[in-house]
Amino acid sequence: RSTPCYAQATQHTHTMAEEEFRAFDFEHSTEWNEYLGNVLIPPGADVERATRRLKRKWFKRNINSDLPADEPASESSPPQNEAPQSAHSHAHSHAAPSPSPQQSSVKRAVVRNALLLLNLAILVQGVLSLFPVFGAHVFYRRAMYCAMVTYIVSAFNAFGIPRSKMDLGQMFIDANAQYLFMCVVMITSRPTSAFMIIILVPAVYQTISLIKGKFFAKYIVAVTKPVAARRAQAFHTSAILEVSMVVLLVVQGFSYPQSFLVAFMWAQLLRIRYLCSTDIQQGTPRIPRRACCG
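Residues numbered from 1 in each chain as written. Predicted model: local features only at pLDDT ≥ 70, side-chain atom pairs only at ≥ 80, totals over all residues. Heavy atoms only, no water.

The next point concerns the environment of asparagine 157. Looking at the element boundaries, asparagine 157 is found in helix H7 (residues 136–159). Separated by 46 residues in sequence, asparagine 157 and valine 111 have C-alpha atoms that sit 7.8 Å apart. Other than its neighbours up to four places away in sequence, asparagine 157 contacts Lys107 and Val111. (Helix = DSSP H or I, 4+ residues; strand = E, 2+ residues; numbered from the N terminus. Contact = heavy atoms within 4.5 Å.)

Here you go:
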C-alpha cells in the first residue's frame, strides 16, 4: 500500500510545482535575467526550446526543487487533434464543462484577491498573537480561523467539489488540506507560538506570490525579494517545528491533559505529511517510509 500512496503524493507535488513554474514571473525576475545573461545558447539551436529548458533548470535549482527536470509531454511536443488534454486537466475531468476565457479570468482574479486578503489577515493577526499583549489569544484564534478559510478556498479552487473517494484522496494529499486538518486538531489546544509560525510561513510566501502584478508590488520589492530568496530555508524550519510540535504538546499535556490527545492526533497527521513534504522527510530522516504509510 505504501507505493501507490507515495507515488500519488509525489505526482501531486510535481503538479503543484508545474503550476508554480508556469505562474512565475520570469520577465521581471532580476535573478533569472542575470542568469540568462550569463548563458550562451549555441548558434543554430532552437532558442525558444533552449530557453524553456534553462528556465526549468534555474527554477528547480533556485525556487522549487520538486519541479520535474523534464518538460511535460504537452509542452515538449506540439499537441495534435485532441491531445491538449494534459494530465492536470485529466485529473479534473469530473468538473463541469469549462467556462469561457472571460469567465475563467474573472474567477481567477476573484479567487486571487480573496486569497490575498485572507493571507494578509493571517499575517496581521498571527504576528499580533506572537506578542504578549492584551488579547493575544484572540488574535491567535482569528488567525487560525482565517487560515482555515484560506485552506478551504485554496483546496476547492485546485480540485473543485469532490465527487468520489478518489477525489477526496487527491484533495487530502494537498498541503492546503493538511494545514486545514492541523488547524482542526489545534483548535481545541492552548495557543502555541510554534504552531502560529507554522501557519505564518506559507501565508508569507503565498502573499508574495499573490501580490505579483499588483500596482504596489514594485514598492515593496526590497522587502519581498530577500524573503522570497529564503523560501526553502523557511519551509525547512517550519517542517522542523511541525516535528517538534509532538514533543511540545506532550510537555504541555502535563498541565493541560487534553494536549495528550492533540499530540496523538498531530502525530497521525505527521505520518501523512511525511509522505507529501520533502521538508518533513529531511526533518525526520530516521523514520522509515513504511512506518508512515501504515
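Now that the structure has been shown, the text picks up again.
Further remarks concern H7. Over its 24 residues, H7 runs 35 Å from end to end, which matches the ideal 34 Å to within 8%, given 1.5 Å per residue. One or two positions beyond H7, positive phi appears at glycine 160, with a value near 75°. (Expected span 1.5 Å × (residues − 1).)

On to the packing of helix H10 (residues 193–210) against helix H12 (residues 231–253). Interaxial distance between H10 and H12 falls to 9 Å at its minimum, and their mutual angle equals 155°. Taken together, the axes of H10 and H12 lie roughly antiparallel to each other. In terms of crossing hand, the pair formed by H10 and H12 is left-handed. Facing H10, whose interface residues are Ala194, Phe195, Ile197, Ile198, Val201, Pro202 and Tyr205, H12 presents Arg231, Ala234, Phe235, Ser238, Leu241, Glu242, Met245 and Leu248. (Axes fitted to C-alpha atoms, helices over the stretch in contact; angles between N-to-C directions. Parallel < 35°, antiparallel > 145°, perpendicular 65-115°, else oblique. Left-handed = near helix turned anticlockwise from the far one by under 90°.)

Topologically, glutamine 252 is positioned in helix H12. If near-sequence neighbours (up to four positions away) are discounted, glutamine 252 is found in contact with Ser189, Arg190, Thr192 and Ser259.

This part takes up the packing of H10 against helix H11 (residues 221–229). Remark: H10 packs on H11, axes separated minimally by 11 Å, with the N-to-C direction vectors making an angle of 125°. With respect to their mutual orientation, H10 and H11 come out oblique. Crossing angle aside, the handedness with which H10 passes H11 is left-handed. Between H10 and H11, the residues in contact are Val204, Tyr205 and Ile208 and Thr224, Val227 and Ala228, respectively.

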